[in-house]
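Notes for the structure review
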Amino acid sequence: MQEPLGGVLDPMDALAPLLRLLYKKAGESLSLVLRDAVPLVEVKRGDVVVVVRVDEDGREFVMRPAYRRRPADDIEGAAVAVLEEVERLTPREPESDDG
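Residues numbered from 1 in each chain as written. Predicted model: local features only at pLDDT ≥ 70, side-chain atom pairs only at ≥ 80, totals over all residues. Heavy atoms only, no water.

All right, on to the overall build of the chain then. The helix and strand inventory of the chain stands at 2 helices and 5 strands. In the chain, the order of α-helices and β-strands from amino to carboxyl end is α-β-β-β-β-β-α. Per-residue burial over the chain gives 36% buried out of 99 residues. Taking the intrachain contacts of the chain between residues at least 6 apart in sequence as the baseline, contacts between residues at least 24 apart amount to 39%. Of the roughly 6,300 Å² of accessible surface on the chain, a fraction of 49% belongs to carbon and sulfur atoms. (Helix = DSSP H or I, 4+ residues; strand = E, 2+ residues; numbered from the N terminus. Buried < 20%, exposed > 50% of the residue type's maximum accessible area, 1.4 Å probe, protein only. Contact = heavy atoms within 4.5 Å. Areas by Shrake-Rupley, 256 points an atom, 1.4 Å probe, with all protein chains shown as cover.)

Rendered as structure tokens:
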């Protein structure tokens, strides 16, 4: 990633590679949306939505609703954290008592 003067990343420069890696890891099992008016990535599975943005100084990804943080230069770690958060929030089907 390109780092401008002062070490602050442009949010879109940080979010674009994260979006590509999330798509590569999750494929079509998730809905991925990159919004540029307020730079963020929405990751959806059913009713579960995890929003990822870059903090004010451009150094960390912030994931909501849990407010987990990962360094903006750790794309792989951020992608794993996002997918873990989606998995954690996804409701589990009750196990069947058949058998």
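Within the structure shown, the criterion is met by 12 salt bridges. Between Glu84 and Arg68 there is a salt bridge, with its nearest N and O atoms 3.4 Å apart. With Glu84 in helix α2 (residues 75–89) and Arg68 in strand β5 (residues 68–71), this pair connects stretches of sequence that are 16 residues apart. Owing to a relative accessible area of 42%, Glu84 belongs among the partly exposed residues under this scheme. A salt bridge links Arg88 to Glu85; the shortest N-O distance between them is 2.6 Å. Taken together, the residues span about one helical turn, with Arg88 and Glu85 both in helix α2 at a distance of 3 residues. Here the salt bridges share partners, and the residues they tie into one network are Arg68, Glu84, Glu85 and Arg88. (Salt bridge = Lys/Arg side-chain N within 4 Å of Asp/Glu carboxyl O.)

Along any regular strand, the residues point their side chains to alternate faces of the sheet. Pairing analysis gives 5 bridges linking strand β1 (residues 31–35) to strand β2 (residues 40–45), with the strands arranged antiparallel. In the sheet register, Val33 faces β2, and the bridge partner there is Glu42. Between β1 and β2, which pair antiparallel and follow one another directly, the connecting turn spans 4 residues. (Pairing = 2+ DSSP bridges.)

Attention shifts here to the pairing of β2. As defined by bridge partners, β2 adjoins strand β3 (residues 48–54) across 6 bridges and the pair is classed as antiparallel. Bridging from a neighbouring strand, Lys44 pairs with Val49 of β3. Joining the antiparallel neighbours β2 and β3 is a turn of 2 residues, in which Gly46 adopts a positive phi near 60 degrees.

Geometric values such as these leave the question of function open.
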